[in-house]
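As a plain string of letters, each chain reads:
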Amino acid sequence: MKLYNLKDHQEQVSFGQAVRQGLGSNQGLFFPAELPAFDNVDELLEQDFVSRSTAILSAFIGEELAAETVSQMVGNAFQFNAPIKPVKEGIYALELFHGPTLAFKDFGGRFMAQSLAAVSDSDGNITILTATSGDTGAAVAHAFYGMDNIKVVILYPKGKISPLQEKLFCTLGGNISTVAVDGTFDDCQALVKQAFDDAELRQEVGLNSANSINISRLLAQICYYFEAVAQLPKAQREELVIAVPSGNFGNLTAGLLAKAIGLPVKRFIAATNVNDTVPRYLRTGEWAPEPTVPTISNAMDVSQPNNWPRIEELCRLKGWGLGELGYGAVNDEQTAETLREMEQEGYLCEPHGAIAYRILNEQLAEGETGLFLCTAHPAKFKEVVDEILGKDIELPAPLAKHNAMDLLSLERDNDFEQLKAVLRSVQ
Ligand SMILES: *Cc1c(COP(=O)(O)O)cnc(C)c1O
């Protein structure tokens, strides 16, 4: 597989290099130089999740890894399913929260861990450095936990992720270090970028990224869009509209890649909370990020979405106008109202999925089928959901276990020197 740097198309790398480096020079994102084409998508949709995902990922990765290796990686990573559930007439939820950390990031995080293990030589040191607005951190921490030759350092904005989210990944210890940064998610992301720009540090600790900018995570996420369509009754596959709750826009990028390689999707909808840089951009044509605002859908509190350049590139390559993308932004009050409405329909949701559902419900036309992504288990946002619905949701087993453990996070300022010291100390 060949990929190029979006900031310098001359810089070309293999899948292995892209997985190890995360970002190219000048903080450029890697993008596949060629997209595979599946002429017989119906046949692909007949297969089971793991076989189909192996076929898709092998087609992207190409000769670089043996088909057998990719098959093992997928088998190890995708050990849970992604069911669709009818919510109301013509609208389905795609539940992506049945993995160990109860959010869709388990798919990408686990496949990334498998990819990195497959493309790394065993002697060099590897430090995964990532910033999380909540769920990536948990997925990455759990995916790498116990791989002793790989150190993991996770930054998150102190006090801005849910206490349960924090418990899920800041209690592991071992090769996993977590840092509560006095700042926002965008500050954490900026620190990570700064670390990657420091060539000496990068070399010294073997830096590797694991947030949604790593290409292996995106490729993995393509697979559950196919899985969703495979479960839809055939008659409902023709006019399919998919709403994606978006923060850093990795999930939407993966959905558009799925469409680019042949998945029949009529339209995607980019759904955000009030951190609405993209919806405003699609409406006005002006890219004008504003300071990040905390919301009850905190995993989407991102005002400078990292993956957006990939979406622009893909649209350019495919000749898709940005005007074909649906969009919408929802505030906290509307999110709460929607959660209550959904409960009345008999579906217990959490704020991120509810945002996508609301916009989908508003924009779905006669004859279309709607699908929205449920990116996390409701119990992961227990405080918020309990309060809005007047409930006491039961914690699923993995959450209950970690909730009873002590936090092990370090607390640091939004300061690069302090981050450097942490990276050196974990070696
Ligand atoms: C990360 C996350 C999102 C946003 O996904 P992106 O790929 O960053 O757009 C949405 N919902 C939940 C629960 C998340 O953890």
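Here the structure is a predicted model, which means the values were calculated and not measured.

A. Region of interest: the site of the ligand. Of all residues adjacent to the ligand, which total 15 residues, the nearest are K105, D135, G247, F249 and T375. The contact in question runs from an oxygen atom of the ligand to an N or O atom on the backbone of G247, over 2.8 Å. Between the ligand and F249, the relevant distance is 2.8 Å, taken from an oxygen atom to a main-chain nitrogen or oxygen of the residue. Out of a free accessible area of 380 Å², the ligand has 98% covered by protein chains.

B. Examining the packing of aromatic side chains more closely. This structure, assessed with the given rule, holds 15 aromatic pairs. Judged by centre distance (5.3 Å) and plane angle (65°), the ring pair of Y357 and F372 falls under edge-to-face. Of this pair, Y357 sits in helix α15 (residues 351–363) while F372 sits in strand β13 (residues 369–374), placing them 15 residues apart in sequence. One exposure class covers both Y357 and F372, and it is buried. Here the aromatic residues F49, F78, F80, F107, F111, Y224, Y225 and F268 are joined through ring pairs into a cluster of three or more. Lying across the ring of W320, K259 places its NZ or CZ 5.6 Å from the centre.

C. The arrangement of the nonpolar core in detail. Core analysis: the biggest nonpolar cluster contains 134 residues, and I128, I222, Y225, F226 and F372 have the highest contact counts within it. Discounting residues that sit within four places of it in the chain, I128 has contacts with M112, L116, V140, F144, I150, K151, V152, V153, N208, S209 and A210. L129, F416, L423 and V426 belong to the second-largest nonpolar core, a separate cluster that totals 21 residues.

D. Examining the pattern of salt bridges more closely. Under the criterion given, the structure shown has 18 salt bridges. Of the charged contacts, one joins E95 and K85 as a salt bridge, the two residues approaching to 2.9 Å between their closest N and O atoms. Separated by 10 residues along the polypeptide, E95 in strand β5 (residues 91–95) and K85 in strand β4 (residues 84–88) bring together distant segments of the chain. Residue E95 is classed as buried on the basis of its relative accessible area, which comes to 5%. Taking the relative accessible area as the measure of exposure, K85 reaches 33% and is therefore partly exposed. Of the charged contacts, one joins K266 and E368 as a salt bridge, the two residues approaching to 2.7 Å between their closest N and O atoms. In this pair, K266 is assigned in the loop between α11 (250–260) and β11 (267–272) and E368 in the loop between α15 and β13, connecting sequence segments 102 residues apart. By relative accessible area, which is 9% here, E368 ends up buried.

E. Seen up close, the sheet that holds β13. Strands sit in the order β4-β5-β13-β10-β11-β12 across an open sheet of 6 strands; the sheet is mixed. Each having just a single partner strand, β4 and β12 (326–329) make up the two edges of the open sheet. On average, each strand axis in the sheet is inclined to that of its neighbour by 25°, with strand direction left out of account. Pairing analysis gives 5 bridges linking strand β10 (residues 240–245) to β11, with the strands arranged parallel. In the strand pairing of β11, V244 is matched with A270. Across the sheet, α11 touches β10, β11 and β13, and the angle it forms with β11 is around 180°.

Rules behind the numbers
- Residues numbered from 1 in each chain as written.
- Predicted model: local features only at pLDDT ≥ 70, side-chain atom pairs only at ≥ 80, totals over all residues.
- Heavy atoms only, no water.
- Near = heavy atom within 4 Å.
- Polar contact = N/O pair within 3.5 Å; in protein donor to acceptor, adjacent residues only side chain to side chain.
- Areas by Shrake-Rupley, 256 points an atom, 1.4 Å probe, with all protein chains shown as cover.
- Phe/Tyr/Trp six-rings, centres within 6.5 Å; stacked < 30°, edge-to-face > 60°.
- Helix = DSSP H or I, 4+ residues; strand = E, 2+ residues; numbered from the N terminus.
- Buried < 20%, exposed > 50% of the residue type's maximum accessible area, 1.4 Å probe, protein only.
- Lys NZ or Arg CZ within 6 Å of the ring centre and 35° of its normal.
- Core = buried A, V, L, I, M, F, W, Y, C linked by side-chain atoms within 4.5 Å.
- Contact = heavy atoms within 4.5 Å.
- Salt bridge = Lys/Arg side-chain N within 4 Å of Asp/Glu carboxyl O.
- Pairing = 2+ DSSP bridges.
- Axes fitted to C-alpha atoms, helices over the stretch in contact; angles between N-to-C directions.

In short, geometric facts, not functional conclusions.
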